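Spelled out, the chains give:
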Amino acid sequence: MTTYWISNKKYWCKMCKIWCDAKLSQIKKHKSGNKHKEKYKNLIDRNRKIKYTQENNDQNRLLELNKIRKKALVSFKMKPRASLIGTFLLKNINFK
Ligand SMILES: [Zn+2]
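Every value quoted in this text rests on a predicted model; they were computed, and no experiment measured them.

Draft legend 1. A look at the overall build of the protein chain. On a plain count of helices and strands, the protein chain comes out with 3 helices and 2 strands. Order of helices (α) and strands (β) in the protein chain, N terminus to C terminus: β-β-α-α-α. Counting only residues that meet the buried cut, the protein chain has 0% of its 96 residues in that class.

Structure, rendered in structure tokens:
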């Protein structure tokens with residue numbers, strides 16, 4: 001009778017990018033470790049920064065569009081012929 005080696009099931013930690021035993025106790029031990037906790041904290045911080053940056057970019061874009069809109073309105077007021085159509089278009093454009 002031959003014996004052959006069967007490997008234990010493994011658990012892949014996406015955050016640490018390492019394999020560990022798939023036993024529940026080993027997974028819990030890994031997740032309670034300092035290395036895993038620090039990676040988790042870094043991931044959350046990174047996501048928070050990305051979200052904050054995106055929100056800021058959206059706000060800046062809206063501010064820029066509003067500045068352009070105001071300048072265009074002023075420009076149209078100086079040119080009576082274009083003002084009717086231009087003012088109508090600018091008031092009905094949704095910048096969001
Ligand atoms: Zn981990």
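Draft legend 2. Structural view of unusual backbone geometry. At lysine 17, a position not held by glycine, the phi torsion is positive, near 55°. Within the fold, lysine 17 resides in the loop between strand 1 (10–13) and strand 2 (18–21). Given 8 C-beta atoms within 10 Å, lysine 17 falls into the exposed group.

Draft legend 3. Structural context of the environment of isoleucine 27. Structurally, the position occupied by isoleucine 27 is in helix 1 (residues 24–31). By the C-beta count within 10 Å, which is 14 here, isoleucine 27 ends up partly exposed. Taking the C-alpha atoms as reference points, isoleucine 27 and cysteine 13, separated by 14 residues in sequence, lie 8.9 Å from one another. Filtering out sequence-adjacent residues up to four positions away, isoleucine 27 remains in contact with Tyr11, Cys20 and Ala22.

Rules used in this analysis
- Residues numbered from 1 in each chain as written.
- Predicted model: local features only at pLDDT ≥ 70, side-chain atom pairs only at ≥ 80, totals over all residues.
- Helix = DSSP H or I, 4+ residues; strand = E, 2+ residues; numbered from the N terminus.
- Buried ≥ 20, exposed ≤ 12 C-beta atoms within 10 Å, placed from the backbone.
- Contact = placed C-beta atoms within 7 Å.

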